[in-house]
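# Report on the structure
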Amino acid sequence: MPKYQKPKGTRDLDENTTFKFEVIRSLFVAISRFLGYGHVEIPIFEKTNLFERSTGESSEIVTKQMYKFQDKKNREFALRPEGTPGLIRAAIENNWLNSHNGDKFSYFGPFFRYERPQKGRYRQFFQLGAESIGSNNVESDAESIYLLSFLLKELKIKHVIKLNSLGEKEERLRYIESLQQWLTNNKIKIAKEDCINIEKNPLRILDSKKSATVKGIKQAPKIHEFWSRETSDRFKKLTGLLQAANVNYQVDEFLVRGLDYYTSTVFEASGHDGAQDAYGGGGRYNDLISELGGKNTPAIGFACGVDRIASALKFDQIKPFCIFIPLGEKCREKAFGIISKMWSNSVSVKPYWNESNLGKALKRANSIGSKYVIVFGEKEMQNNTLLVKNMKNGNQKEIPINMSSIMSALGLDE
Ligand code: AMP
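Definitions and cut-offs
Residues numbered from 1 in each chain as written. Predicted model: local features only at pLDDT ≥ 70, side-chain atom pairs only at ≥ 80, totals over all residues. Heavy atoms only, no water. Salt bridge = Lys/Arg side-chain N within 4 Å of Asp/Glu carboxyl O. Helix = DSSP H or I, 4+ residues; strand = E, 2+ residues; numbered from the N terminus. Buried < 20%, exposed > 50% of the residue type's maximum accessible area, 1.4 Å probe, protein only. Axes fitted to C-alpha atoms, helices over the stretch in contact; angles between N-to-C directions. Parallel < 35°, antiparallel > 145°, perpendicular 65-115°, else oblique. Left-handed = near helix turned anticlockwise from the far one by under 90°. Contact = heavy atoms within 4.5 Å. Patch = residues over 30% accessible without salt bridge, like charges linked within 9 Å, V, L, I, M, F, W, Y side chains within 5 Å. Areas by Shrake-Rupley, 256 points an atom, 1.4 Å probe, with all protein chains shown as cover. Lys, Arg positive; Asp, Glu negative; His and termini not counted. Charge placed at Lys NZ, Arg CZ, Asp CG, Glu CD. Pairing = 2+ DSSP bridges. Phe/Tyr/Trp six-rings, centres within 6.5 Å; stacked < 30°, edge-to-face > 60°. Lys NZ or Arg CZ within 6 Å of the ring centre and 35° of its normal. Domains from an automatic or database assignment. Near = heavy atom within 4 Å. Polar contact = N/O pair within 3.5 Å; in protein donor to acceptor, adjacent residues only side chain to side chain. Nonpolar A, V, L, I, M, F, W, Y, C, P; charged D, E, K, R; others polar. Disulfide = S-S within 2.5 Å.

Counted under the stated rule, the structure contains 15 salt bridges. One salt bridge connects Glu-60 with Lys-64, and the closest N-O pair in it is separated by 3.2 Å. You can see Glu-60 and its partner Lys-64 sitting in helix α3 (residues 60-64), four residues apart, about one turn around the helix. Using a relative accessible area of 40% as the deciding quantity, one classes Glu-60 as partly exposed. For Arg-75, the salt bridge is made with Asp-71, and the minimal N-O distance between the two is 2.8 Å.

All right, on to the packing of helix α1 (residues 15-34) against helix α5 (residues 138-154) then. The geometry of α1 relative to α5 is characterised by a closest axis approach of 10 Å and an angle of 140° between their N-to-C directions. Of the possible angle classes, the one that applies to α1 and α5 is oblique. The two elements α1 and α5 meet at a crossing, and its hand is right-handed. Residues Leu-27, Phe-28, Ile-31, Ser-32 and Phe-34 of α1 form the contact with α5, whose own contacting residues are Leu-147, Phe-150, Leu-151 and Glu-154.

The next subject is a negative patch on the surface. A surface patch of like charges, here negative, comprises Glu-168, Glu-170, Glu-230 and Asp-287. With respect to the element layout, Asp-287 can be found in the loop between β10 (280-284) and α12 (288-291). Overall, Asp-287 belongs to the partly exposed group, its relative accessible area being 38%.

Our focus in this paragraph is the pairing of strand β5 (residues 104-112). Here β5 lies mainly inside the structure; nine of its nine residues are buried. Inspection of the sheet shows strand β1 (residues 38-39) paired to β5 by two bridges, in the parallel sense. The partner of Gly-38 across the bridge, within β5, is Phe-105. In this structure, β5 lies alongside strand β6 (residues 124-133), joined through nine bridges in antiparallel fashion. Bridge pairing in β6 links Tyr-107 to Gly-129.

The full count for this structure, using the stated rule, is 19 aromatic pairs. Measuring from ring centre to ring centre gives 6.4 Å for Phe-324 and Phe-376, while their planes differ by 70°; the resulting arrangement is edge-to-face. With Phe-324 in strand β12 (residues 322-326) and Phe-376 in strand β14 (residues 372-376), this pair connects stretches of sequence that are 52 residues apart. With respect to burial, Phe-324 and Phe-376 carry one shared label: buried. By the ring-pair criterion, three or more aromatic residues cluster together here, those being Phe-21, Phe-108 and Phe-126. In this arrangement the basic side chain of Arg-11 is found over the ring face of Tyr-122, its NZ or CZ atom lying 4.7 Å from the centre. Over the ring of Tyr-352 we find Arg-364; its NZ or CZ atom is 3.7 Å from the centre of that ring.

All right, on to the domain arrangement of the protein chain then. Split by domain assignment, the protein chain resolves into domain 1 (15-167 + 227-312) and domain 2 (322-409). Spacing between the C-alpha centres of domain 1 and domain 2 amounts to 48 Å.

Below, the discussion takes up the site of the ligand. Not every one of the 14 residues close to the ligand is listed here, only the nearest: Arg-113, Glu-115, Tyr-122, Arg-257 and Ala-278. Glu-115 is positioned with one of its side-chain polar atoms (N or O) 2.6 Å from a nitrogen atom of the ligand. Tyr-122 places a main-chain nitrogen or oxygen 2.8 Å from a nitrogen atom of the ligand. In isolation the ligand offers 480 Å² of accessible surface; the protein chains occlude 92% of this area. Mapped by element, the contributors of at least two residues to the shell around the ligand are β6 and β11 (299-305). Its residues assigned to classes, the shell around the ligand shows five nonpolar, four polar and five charged.

Before going further, it helps to spend a moment on the state of the cysteines. Applying the stated rule across the entire model yields zero disulfides. The structure places no disulfide on Cys-322, whose sulfur is separated from the nearest cysteine sulfur, that of Cys-331, by 16 Å. On the basis of relative accessibility, which here comes to 0%, the residue Cys-322 falls in the buried class. What makes Cys-331 buried here is its relative accessible area of 1%.

Set out below in structure tokens:
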């Protein structure tokens with residue numbers, strides 16, 4: 001057992017994973033900018049009460065999962081468990097909402113939740129997210145969902161968008177009452193662990209992953225039975241917009257999402273197999289901005305788990321384009337000059353500074369899938385040449401040491 005180990009539930013990201021993260025981040029920033037969202041970064045810790053006020057005092061994230069600490073002046077802070085509260089805080093504080101086009105934001109970064117570690121669930125994880133602030137029109141719901149689906153499509157991740165509406169406040173309250181009644185009368189049909197939420201937070205029971213509850217709850221009343229005419233029309237309009245934009249969606253009558261601030265539209269992107277947890281999700285939160293001290297402003301947004309999308313990406317490990325193998329001290333010294341010249345000519349090359357056994361070095365280069373290998377040993381040094389080997393077809397040739405010959409041997413001269 002090593003003397004020092006990473007904190008439980010955290011990950012050390014290897015180079016292939018960080019490569020995937022980079023691809024996801026840059027694609028997301030580009031796509032969201034393309035749709036008119038500005039990319040921002042905000043602190044990874046905030047005052048604890050910001051999350052209590054927004055995410056919800058009875059939500060699992062706040063009651064059980066926050067990493068809280070006091071600073072040297074006894075101020076209460078928490079590592080951010082999610083992105084929306086901090087982003088809204090920043091938008092109000094910096095007056096970002098008053099400019100004409102600064103009303104849509106995207107973010108990317110680490111988040112922290114004290115959860116039971118398991119596959120795909122970590123205590124430090126990454127999320128990307130987008131918040132569209134200022135419009136209550138259903139087209140902005142469609143846009144937010146479109147952005148999430150567009151990103152996953154571009155990453156070639158098969159997914160379906162699950163969709164529901166929590167209706168307006170009165171509809172929700174009437175539903176909660178009816179659901180509570182049903183749950184009280186049908187305790188036997190749901191998992192014991194979920195029963196504690198009947199009083200405190202019955203909606204959350206609909207989110208349960210416990211198999212007894214998932215099965216039993218199917219008979220419970222559904223929120224759409226409580227929708228007003230306006231809510232039904234809005235939902236219908238939304239599905240029409242998504243259909244026209246080719247977004248693959250599915251109505252899910254029991255989707256409520258785990259946070260307290262959602263109103264009206266909620267959505268989640270899941271894998272096709274259905275077994276896997278969601279890639280991400282979000283919804284409308286029309287009351288949050290005024291709750292946090294801003295003007296009464298409608299908004300919608302989503303967050304997506306980067307660790308989870310990275311693990312669904314199908315591309316291979318990153319393959320170095322060219323490995324350079326200098327054999328022995330003298331060759332190494334001269335090799336540095338050649339290699340730095342290649343770098344300054346934008347040729348990607350990875351030197352092996354510690355290999356004096358050619359057979360071993362070639363084996364290593366082969367195992368990581370390098371396209372070319374350049375060997376520079378005593379013989380090449382005497383001849384003032386390089387040996388360039390194409391690892392795909394096995395062809396090799398000796399070339400003079402100058403940039404145009406190197407470029408040509410590496411197929412970079414077109
Ligand atoms: P939430 O903020 O809970 O709606 O989560 C949005 C997405 O973030 C989820 O669908 C997951 O993909 C991801 N996520 C949430 N919590 C974790 C975690 N502990 N570890 C890894 N990914 C997470």
